Amino acid sequence: MILSYLRSAVRRPCLAQKNGAALWVCRLSTQALPSSSDQNLKFCIVGSGPAGFYTLDRLLKAFGSRIHVDVLDRLPTPFGLVRSGVSPDHQDTKNVINQFTAVARDPRASFYGNVALGRDVSLQELRSLYHGVVLAYGAESDKKLGIPGEGGRNVFSAREFVWWYNGHPDGKHLPVDLRGVSSVAVCGIGNVALDCARVLLHPLDELAATDIAAHAMEHIREHGRGIKDVHLLARRGPVQAACTPKELKELVGLPDLAVHAPPAQMEVSVADQAEMKKTRMRRRVYDLIKQAAEGASSDQSSQGSGDKQRHLHFQFYRSPKEVLLDSEGRVSGVRVEVTQLADVEGKGRVAVATGRTEVIPAQLLLVSIGYRSLALPGVPFDDGRAVVPNTSGRVPMELVEAAAAACPEESSSSGPAGAIAPHPQQQHEHHHPHQQQQQQSLESSPGSTNSLSGGRLYVVGWLKRGPSGIIGTNAVDADETVSCIVEDVLNGLLQGAPPGSGNGGISKEQQTGNLEAESSSSSSSRDLRGDAKSALATKAGSQGLLALLANRRSQAGPDHQVVDFAGWERLDATERAAGQQAGKVRQKVVDVEDMLKVVHAGA
Ligand SMILES: Cc1cc2nc3c(=O)[nH]c(=O)nc-3n(C[C@H](O)[C@H](O)[C@H](O)COP(=O)(O)OP(=O)(O)OC[C@H]3O[C@@H](n4cnc5c(N)ncnc54)[C@H](O)[C@@H]3O)c2cc1C
């Protein structure tokens, strides 16, 4: 998918989309803006993961020389889960960063790392500085099992564990303790669960040659050898397993590993057969598990499996009910309830409890049942779905205004807010005190002086649709969001015209979406240009943001320095060089403080 994206990006100015929206993005949008550079569109993307970068790429393609886009990230490092999620043994997948790097080097784009929405800058401030803000800050929390014992020692969410082995700064101090661990249970059977299992079962020398964080590798090498059994727990059956064949094949194909799946759990019902017939991927996943387990049992019958050091156990139809803890509060097992599938009206085939329970021994428990986005101050949020409410990526302005009004810090100032709360993932971080002097300097910062109206709000990626889909899914998602932005520009909604102020001089055809037809009409293009030119508000953009941050950071100290893309590239080069010396792809720097030292040493 990624490759096909790259190929098509080279061939065409913009990735074609089913409804043709992305095609007219390229043709029309630049006509909608005046040519004078001081009135360029200024956009800000919050989050530099795949969704943020694909959006950047699409915005640059759509608006040509008439746009500047700033990309913020709370970390000094870009690329989101490509750096801190994708498994260390999937180096090829990470090659997408070459594409993102090329986009980031574009003079119409600026990267500002170590800048967190909700910690260093508020949404209202960004909306005052830019014509539009695109939220792409992903999903940095977890769904919970909600069962007793979940808070025990050596019980972690998959996100935390992945951050630990991938060197995310917030994961370094996770108290993973593999000493005395012989059995691991992983709740969930999606690709992330498989990644966790693979990292624990991978041959050590191969793992050590990847970009795995040094602290994790050291711990696994020293204490992880005792792991004999990994149990993958799923509430439903093998046909409903949420993983994909490629990742599964890699796991069951690891050397020195016997795979087990009780034959009774591999039985398929008529409904299962129908599901497999409908979706080839489900059939493939089922077959892979069956073949791997049968391979192990035939090995056993020919007395060959005795020399396999490690065992992977698929545990289907098992729903966790209680985490069992020893006298020191450390996990010793998981009590699971046996389930069966039943048709429930309105819900389809769901796992229902049978009342029978059993215990699966585990001294490490990883909960991999889904990520969850975080609500940030002043950001509209649908708590039930854990996404920013949107229609095709456009956040309704009434929700934006309501969220701003409901947030005291956001609503207390029309420009920059005063004290900003620490980012939810960084509660330990120093945050800015309410100091009169600071407040005064912030009030006179550029963001507050030249804002004619708050910029529009958009959303993309996991924060928009929930935590599912591969890297390439975010490209299609970005196409959709950028199509909305183009539409809003054409409709004069980003140029400072207050929402609901008539049609802004656009024709009926434009309003009804027949934009392709409009592109061939020179008179309508003139109308659009004229309308946009008269209404385009001046926004401070990067300049205003940097001034605001400089004011704030003079109080906050060196940990809060902004990292630009050149700074990241210095860190990148340092990590690669250190990796080469250590015989691995990259040696990640994992402390923000250390990252900043490297970044600023070469500046
Ligand atoms: C463990 C794991 C492994 C995966 N492996 C693969 C794989 O092998 N192949 C594949 O195709 N897909 C894989 N995926 C899926 C892929 O990573 C996602 O589809 C993609 O990363 C989602 O993109 P995003 O930009 O929405 O979120 P993210 O990648 O999470 O990016 C969000 C960014 O926002 C930043 N941010 C967060 N809060 C703030 C804030 N307050 N202010 C500023 N910035 C902020 C974060 O630091 C981060 O950089 C994997 C996912 C996971 C979880």
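Residues numbered from 1 in each chain as written. Predicted model: local features only at pLDDT ≥ 70, side-chain atom pairs only at ≥ 80, totals over all residues. Heavy atoms only, no water.

In the nomenclature of an unreviewed UniProt entry, the protein is known as Adrenodoxin-NADP(+) reductase of Dunaliella tertiolecta. According to the UniProt record, the Cofactor (unreviewed entry) comment for the protein reads "FAD". (UniProt positions renumbered as here; feature names shortened; annotations may be inferred.)

A. Region of the structure containing the sheet that holds strand β1 (residues 41–46). Pairing in this open sheet of five strands is parallel, and the strands run β3-β2-β1-β4-β16 from one edge to the other. Here the strands that pair on one side only, and so sit at the sheet edges, are β3 (109–113) and β16 (456–459). Direction aside, neighbouring strands of the sheet carry axes that sit 20° apart on average. (Pairing = 2+ DSSP bridges. Helix = DSSP H or I, 4+ residues; strand = E, 2+ residues; numbered from the N terminus. Axes fitted to C-alpha atoms, helices over the stretch in contact; angles between N-to-C directions.)

B. Region of the structure containing the nonpolar core. One finds L248, L312 and F314 to be the most contacted residues of the largest nonpolar core, which totals 61 residues. Ranked by residues supplied to this core, first place goes to helix α8 (residues 191–201) with seven residues. Here F314 is in contact with I189, L232, L248, V252, V259, H260, A261, P262, Q265 and I289, once residues within four sequence places are set aside. If you look at the next biggest cluster of nonpolar residues, it comprises 47 residues, including A104, V134, A136 and L596. (Core = buried A, V, L, I, M, F, W, Y, C linked by side-chain atoms within 4.5 Å. Buried < 20%, exposed > 50% of the residue type's maximum accessible area, 1.4 Å probe, protein only. Contact = heavy atoms within 4.5 Å.)

C. Local environment of the site of the ligand. Close to the ligand lie 34 residues, the nearest being D73, L81, L117, W462 and I471. One of the backbone nitrogen or oxygen atoms of L117 is found 2.9 Å away from a nitrogen atom of the ligand. One of the side-chain N or O atoms of N474 is found 3.1 Å from an oxygen atom in the ligand. For the ligand, whose free accessible area comes to 1000 Å², the fraction covered by protein is 95%. The residue makeup of the shell around the ligand, split by class, is 18 nonpolar, twelve polar and four charged. (Near = heavy atom within 4 Å. Polar contact = N/O pair within 3.5 Å; in protein donor to acceptor, adjacent residues only side chain to side chain. Areas by Shrake-Rupley, 256 points an atom, 1.4 Å probe, with all protein chains shown as cover. Nonpolar A, V, L, I, M, F, W, Y, C, P; charged D, E, K, R; others polar.)

D. Layout of the pattern of salt bridges. For the structure on display, the rule yields 42 salt bridges. Residue R198 is joined to D195 by a salt bridge in which the shortest nitrogen-to-oxygen separation is 3.1 Å. Of this pair, R198 and D195 both sit in helix α8, separated by three residues, roughly a single helical turn. The partner of R394 in a salt bridge is D488, with the nearest N and O atoms 3.0 Å apart. Here R394, found in the loop between β15 (371–372) and α15 (397–406), pairs with D488, found in helix α20 (residues 473–490); they are 94 residues apart in sequence, far enough to count as distant. A residue is classified by how much of its surface remains accessible, and R394, at 23% relative accessible area, is partly exposed. One continuous salt-bridge network, built from bridges that share partners, spans D89, D195, R198, K246, E247 and E250. (Salt bridge = Lys/Arg side-chain N within 4 Å of Asp/Glu carboxyl O.)

E. Quick peek at the packing of α8 against helix α11 (residues 245–252). Two numbers describe how α8 lies on α11: the axes approach to 10 Å, and their chain directions differ by 20°. The pairing of α8 with α11 is recorded here as roughly parallel in orientation. As for the relative orientation of α8 and α11, their crossing is left-handed in sense. Residue-level contacts link N191, L194, A197, R198 and L201 of α8 to E247, L248, E250 and L251 of α11. Residue classes in the contact of α8 with α11 are distributed as five nonpolar, one polar and three charged. (Parallel < 35°, antiparallel > 145°, perpendicular 65-115°, else oblique. Left-handed = near helix turned anticlockwise from the far one by under 90°.)

F. Representation of the side chain of T101. Turning to its location among the elements, T101 is positioned in helix α5 (residues 96–104). Of the residues examined, T101 reaches a relative accessible area of 12% and is grouped as buried. With sequence-adjacent residues up to four places away left out, T101 is seen in contact with F79, F565 and E569.

G. Highlighting the side chain of R83. Position of R83 relative to the elements: it lies in helix α4 (residues 81–84). Within polar-contact distance, the side chain of R83 engages the side chain of E575 at 2.8 Å.

H. Focus on the sheet that holds strand β11 (residues 318–325). If you walk across this open sheet you meet the three strands as β11-β12-β13, and the pairing is antiparallel. Only two strands of the sheet have a single neighbouring strand rather than two, namely β11 and β13 (348–361). In this sheet, neighbouring strand axes are inclined to one another by 20° on average, regardless of whether the strands run parallel or antiparallel. Here strand β12 (residues 331–344) runs beside β13; their pairing, made up of eleven bridges, is antiparallel. Bridging from a neighbouring strand, V344 pairs with G348 of β13.

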